[in-house]
Amino acid sequence: MKPLPPYGRQRGAALLLLVAVLGLGAASLLIGAFGRNTAEAERQLRTLSTLAQAREALLGFAATHGRLPRPAASALDGRERPADCAGDADCSGFLPWVALGVAGVDAWGKLLRYSVTPEMARAPIVSFSAVANRVVLGRDGGGQFIYVAGQEQCDVSAQCLPAVLFSQGKDGHGTSGAGVTQRPAARGAIDAAANDGASRSFISRPASGNDAMPGGAFDDQLTWITVPALYQRMRAARNLP
């Protein structure tokens, strides 16, 4: 086999160098993408942990005080509102993080949202007559709303939820820990916008950045308290009439 002429060797070396450079570039892009995804996944996990701690603190508060707390006084005051809720809207706002002794923000620095049934935020909670009225909706495969927790009619024999707690995620609506309102990065985030203004009915579904999906882009993370979980904790503390 005849050796390559000098220009052939140069062209071959140049080609190898180009492949190496392209390979390094592709590797950098992949590392960057995976790095960003890993960091975002860690924030989501930290937020889920913060929500779980807040939920536990809410149950502990109820066991001690005979009721769930009212929402925070304001975005800058984590104590609970001083007056009883006049209605559902008054009992929806921010988590009262100072009253609970927990973190009040998620991993993106946004205040955690909290909504409680007014009747469950007044002591004593009378278990044989009190009705929890918060509900959580999802979407089925066709994009139609379905009940995830609770139902259309809430009563003593078919209770809904005492309270709902949620993070508004990275890209959605929200309020920073400094009290500054955040604008959503995605347009058409209908379900996230609904949660931002909700006082009784909330939406929980898998995260998506696709604006074309029913309900639009969505990255809220929700958790809630059920009546059995609330009453079990309060009975254990002998604080439920």
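Everything that follows concerns the structure shown earlier in this document.
Since we're looking at a predicted model, the values are computed, not measured.

Reading the values: the criteria
- Residues numbered from 1 in each chain as written.
- Predicted model: local features only at pLDDT ≥ 70, side-chain atom pairs only at ≥ 80, totals over all residues.
- Heavy atoms only, no water.
- Salt bridge = Lys/Arg side-chain N within 4 Å of Asp/Glu carboxyl O.
- Helix = DSSP H or I, 4+ residues; strand = E, 2+ residues; numbered from the N terminus.
- Buried < 20%, exposed > 50% of the residue type's maximum accessible area, 1.4 Å probe, protein only.

Looking at this structure, how should I read the pattern of salt bridges?
One pass over the structure, following the stated rule, counts 11 salt bridges. One salt bridge in this structure joins Arg-67 and Glu-80, with 2.8 Å as the shortest N-O distance. One end of the pair, Arg-67, is in the loop between helix H1 (6-65) and strand E1 (92-94); the other, Glu-80, is in the loop between H1 and E1, and 13 residues separate them in sequence. For the pair shown, Arg-67 and Glu-80 are each scored as buried. Taking the shortest distance from any N to any O, the salt bridge between Asp-191 and Arg-205 comes out at 2.7 Å. Taken as a pair, Asp-191 in helix H3 (residues 190-197) and Arg-205 in the loop between strand E8 (201-203) and strand E9 (221-225) lie far apart in primary sequence, 14 residues in all. Here Asp-191 matches Arg-205 in class, with each residue buried. Via salt bridges that share partners, Arg-67, Arg-70, Glu-80 and Asp-84 belong to a single interconnected network.

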